[in-house]
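Tertiary structure, described
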Amino acid sequence: MHPELFGIVKSFGLMLAVSFGVGMWLSVRRARPHGIAAETVLDLVFAVLVSSLIGVRLFYVLTHPGDFHPWYRALFIWDGGLTLYGGIVLAIAVVWWLARRRGVPFLVIADVFAPGVMLGIGITRIGCFLAGCCYGQPCVAPVGVHFPPGSPAWTQFGPVAVLPAQLYSSLGGFGVFGLLLLLERWRPVRGATFGRFLLLYGLVRFTVDFSRYYEPEQVLALGWSNNQWISLGMMAVGVAVLARVCRGEGSADAG
C-alpha cells in the first residue's frame with residue numbers, strides 16, 4: 001500500500017489522471033477514421049471527466065447517507081468515497097445529450113470511447129490498490145494481501161490477509177480492453193463495441209464483487225451487493241444493444 005508516491009503525490013489521483021490522459025489520447029486516435037474532429041472528442045472527454053467525477057461521488061453519497069454529517073462533507077471528494085457505476089451512468093447520459101447537440105451519432109462516439117474507458121478502469125484500479133481502498137474479503141489463500149496498520153482493510157479486519165479485489169478489477173479492465181479491440185477487428189458493426197463494453201464490464205464487475213468487501217447495508221437480495229445488481233442491469237442493456245445492432249439497426253443514430 002502506497003497512498004502517496006514520492007511523499008507528495010496521491011497515488012489514486014495520479015492513476016486517475018493517467019487513465020484520463022491515456023483514454024483521451026486513444027479516443028482522439030480512434031475518432032479519426034470516423035471523421036470526428038479532435039476538438040469535438042476533447043470537448044466530450046472533458047464532459048466525461050466532469051460528469052464522471054460528479055457521478056462517482058453522488059452515487060456513493062446516495063448509498064452512504066449516514067457517512068456525511070454535517071451534510072457539506074459530501075462535497076469533500078478528496079476524503080474518499082467514490083462509486084464507479086455512478087460515474088459511468090452519468091457520463092453515458094451526458095455524452096448522449098452532447099452527441100445529439102453536436103450532430104454526432106451516439107453509437108459512433110460510444111464505440112470510440114468504450115475501449116478507453118476500460119483501459120482507464122484497469123489503470124485506476126491500480127490506484128485503488130495503492131491507496132488501500134476497495135479491498136477484498138478476508139482469506140487464507142496464498143493470494144491474500146496484508147495491508148499495513150491504519151489502512152482501511154486493517155481498520156476493518158485487523159492484521160489478516162484480504163483478497164486483492166482491486167487487482168482483480170484491474171486485470172478485468174485490461175482484459176476487456178483487449179477483447180473489445182480484438183472483437184472490433186473481427187466484426188466492425190456500429191454500436192457493437194459499446195454493447196460489448198456494457199455486457200463484458202457488467203460481467204467482470206459482477207464476478208469480481210464476490211471477492212470484495214461491502215458494508216452490510218450495501219448487500220441486498222441473494223447476498224449480492226447493490227453494484228452486482230446494477231451489473232446485471234448493465235449486462236441486460238448490453239445484450240439489448242447488441243441485439244439491435246446485429247439486426248442491422250446500428251447504422252442509424254441511436255440518439
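Placed above this text is the structure.
Residues numbered from 1 in each chain as written. Predicted model: local features only at pLDDT ≥ 70, side-chain atom pairs only at ≥ 80, totals over all residues. Heavy atoms only, no water.

Of regular secondary structure, the chain possesses 8 helices and 2 strands. The secondary structure elements of the chain, listed N-terminal to C-terminal, are β-β-α-α-α-α-α-α-α-α. Considering only intrachain contacts with a sequence separation of at least 6, the fraction spanning at least 24 residues in the chain is 70%. With the model as given, the accessible surface of the chain reaches about 12900 Å², and the carbon-plus-sulfur share is 70%. (Helix = DSSP H or I, 4+ residues; strand = E, 2+ residues; numbered from the N terminus. Contact = heavy atoms within 4.5 Å. Areas by Shrake-Rupley, 256 points an atom, 1.4 Å probe, with all protein chains shown as cover.)

As a packed pair, helix H7 (residues 192-208) and helix H8 (residues 226-246) sit with axes 7 Å apart at the nearest point and diverge in direction by 155°. Considering the angle they form, H7 stands roughly antiparallel to H8. Crossing geometry of H7 relative to H8 is assigned as left-handed. Counted together, Ala192, Phe194, Gly195, Arg196, Phe197, Leu198, Leu199, Tyr201, Gly202, Leu203, Arg205 and Phe206 of H7 and Asn227, Gln228, Ser231, Leu232, Met234, Met235, Val237, Gly238, Val239, Val241, Leu242 and Val245 of H8 form the full contact between these two elements. Here the residues of the contact of H7 with H8 sort into 16 nonpolar, 6 polar and 2 charged. (Axes fitted to C-alpha atoms, helices over the stretch in contact; angles between N-to-C directions. Parallel < 35°, antiparallel > 145°, perpendicular 65-115°, else oblique. Left-handed = near helix turned anticlockwise from the far one by under 90°. Nonpolar A, V, L, I, M, F, W, Y, C, P; charged D, E, K, R; others polar.)

Ile109, Phe113, Met118, Phe194, Phe197 and Tyr201 are the most contacted members of the largest nonpolar core, which has 44 residues in total. Looking at this core, the elements that each hand over two or more residues are helix H1 (11-31), helix H2 (38-63), helix H3 (84-102), helix H4 (106-131), helix H6 (165-186), H7 and H8. Ranked by residues supplied to this core, first place goes to H4 with 12 residues. Residues contacting phenylalanine 197, with those up to four places away along its chain left out, are Ile88, Ala114, Val117, Met118, Leu180, Gly202 and Met234. Of all hydrophobic cores here, the second largest spans 7 residues; its members include Phe129, Ala153, Val162 and Tyr213. (Core = buried A, V, L, I, M, F, W, Y, C linked by side-chain atoms within 4.5 Å. Buried < 20%, exposed > 50% of the residue type's maximum accessible area, 1.4 Å probe, protein only.)

Next up on the list: the pattern of salt bridges. Tallied over the entire structure, the rule returns 3 salt bridges. We note a salt bridge from arginine 102 to aspartate 43, for which the minimum N-O separation is 3.0 Å. One end of the pair, arginine 102, is in helix H3; the other, aspartate 43, is in helix H2, with 59 residues separating them in the sequence. Judged by relative accessible area, which is 39%, aspartate 43 ranks as partly exposed. Between arginine 205 and aspartate 209 there is a salt bridge, and its shortest N-O distance comes to 3.0 Å. You can call aspartate 209 buried: its relative accessible area is 4%. (Salt bridge = Lys/Arg side-chain N within 4 Å of Asp/Glu carboxyl O.)

On to the packing of H3 against H7. When two helices pack together, their arrangement is given by the angle between the helix axes and the distance between those axes. Between H3 and H7, the least distance of the axes is 13 Å, while the angle of their chain directions is 170°. Between H3 and H7, the angle is such that the two are roughly antiparallel. Crossing hand, H3 versus H7: left-handed. Of the residues in H7, those touching H3 at Leu84, Tyr85, Ile88 and Ile92 are Phe194, Phe197, Leu198, Tyr201, Gly202 and Arg205.

This part takes up H1. At 3.6 residues per turn, the α-helix brings residues three or four places apart onto the same side. The terminal C-alpha atoms of H1 lie 30 Å apart, and with 21 residues this matches the ideal 30 Å at 1.5 Å per residue to within 8%. Within the sequence span of H1, burial applies to Ser11, Met15, Ser19, Gly23, Leu26, Ser27, Val28, Arg30 and Ala31. (Expected span 1.5 Å × (residues − 1).)

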